[in-house]
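Listed below, chain by chain, are the residues.
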Amino acid sequence: MIKLKQKGFQVDDATIKDIVQWLSKEFNVSIFTHPRYFANTLLGWECDIHIFSEDTKSKYNVVGRHDREKDALIKGIEYVLENIIKS
């Protein structure tokens, strides 16, 4: 939460959805989670990052695989704050 405050986000009563929407609006970064299956068995959740700028860039499965979608999304947010948004 400290990194979010440093970037200008109002943390009070915010949901993960609020944080993802704010990152998209303020920094043109979208975070997507998706399940990974093999033979109809859920292996876990992965997270992709899309950076919309002059040169659209995508990063796939940036935080590994997680048992819960929420965990993958939180790790994706942390990844963006630490590696994408430098200022």
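The model shown is predicted, which means the values in this text are computed figures rather than measured ones. (Residues numbered from 1 in each chain as written. Predicted model: local features only at pLDDT ≥ 70, side-chain atom pairs only at ≥ 80, totals over all residues. Heavy atoms only, no water.)

Novice: Hey, could you run me through the environment of Val20 in this one?
Specialist: Along the polypeptide, Val20 turns up in helix α2 (residues 16–27). Residue classification places Val20 among the buried positions, given a relative accessible area of 17%. In this structure Val20 touches Ile31, Leu73 and Ile77, once residues within four positions along its chain are discounted. (Helix = DSSP H or I, 4+ residues; strand = E, 2+ residues; numbered from the N terminus. Buried < 20%, exposed > 50% of the residue type's maximum accessible area, 1.4 Å probe, protein only. Contact = heavy atoms within 4.5 Å.)

Novice: For this particular structure, what's the right way to read the packing of aromatic side chains?
Specialist: The description of an aromatic ring pair rests on the distance of the ring centres and on the angle between the ring planes. Across all of its chains, the model carries two aromatic pairs by this definition. Geometrically, the ring pair formed by Trp22 and Phe27 is edge-to-face, given 5.3 Å between the ring centres and 80 degrees between the ring planes. Ring pairing ties together the aromatic residues Phe9, Trp22 and Phe27, which thus form one cluster. (Phe/Tyr/Trp six-rings, centres within 6.5 Å; stacked < 30°, edge-to-face > 60°.)

Novice: Would you explain the sheet that holds strand β3 (residues 57–59) in this entry?
Specialist: Sheet strands pair via backbone hydrogen bonds, and the direction of the pair is either parallel or antiparallel. Taken in spatial order, the three strands make up an open sheet running β1-β2-β3, and their pairing is antiparallel. In this open sheet, the two edge strands, each paired with only one partner strand, are β1 (29–38) and β3. Within the sheet, the average angular offset between the axes of one strand and its neighbour, ignoring direction, is 25 degrees. Sheet analysis places β1 next to strand β2 (residues 41–51), joined by 10 bridges and oriented antiparallel. (Pairing = 2+ DSSP bridges. Axes fitted to C-alpha atoms, helices over the stretch in contact; angles between N-to-C directions.)

Novice: How should the pattern of salt bridges be read in this particular structure?
Specialist: Two side chains that carry opposite charge are able to pair once their charged atoms sit near each other. Throughout the structure, instances matching the rule amount to four salt bridges. Note that Glu46 and Arg65 form a salt bridge whose closest N and O atoms lie 2.8 Å from each other. Separated by 19 residues along the polypeptide, Glu46 in strand β2 and Arg65 in the loop between β3 and α3 (69–84) bring together distant segments of the chain. Classification of Glu46 by relative accessible area gives buried; the value is 2%. Each of Arg36, Glu46 and Arg65 takes part in one network of salt bridges that share partners. (Salt bridge = Lys/Arg side-chain N within 4 Å of Asp/Glu carboxyl O.)

Novice: Before we go on, may I ask you to explain the nonpolar core in this structure?
Specialist: Judged by nonpolar contacts, the single largest core of 18 residues is most densely connected at Leu4, Leu23, Ile31, Ile49, Ile77 and Val80. For this core, the elements supplying multiple residues, two or more each, are α2, β1, β2 and α3. For Ile77, the residues in contact, after removing those within four places along its chain, are Ile16, Ile19, Val20, Leu23 and Ile31. (Core = buried A, V, L, I, M, F, W, Y, C linked by side-chain atoms within 4.5 Å.)

Novice: Is there a simple way to think about the environment of Asn83 in this case?
Specialist: Locating Asn83 in the fold gives a position in helix α3. Residue Asn83 is classed as partly exposed on the basis of its relative accessible area, which comes to 36%. Sequence separation between Asn83 and Lys17 is 66 residues, and the spatial gap between their C-alpha atoms is 20 Å.

Novice: What am I meant to see in α2 here?
Specialist: Residues spaced three or four apart along an α-helix face the same direction, because each turn holds 3.6 residues. The first and last C-alpha atoms of α2 sit 16 Å apart over 12 residues, in line with the 16 Å expected at 1.5 Å per residue. Of all the positions in α2, only Ile19, Val20, Trp22 and Leu23 are classed as buried. Looking down the long axis of α2, one finds its buried residues gathered within 160 degrees of arc, a one-sided arrangement. More than 90 degrees from the buried face of α2, the exposed residues found are Lys17 and Lys25. (Expected span 1.5 Å × (residues − 1). Arc of directions from axis to C-beta.)

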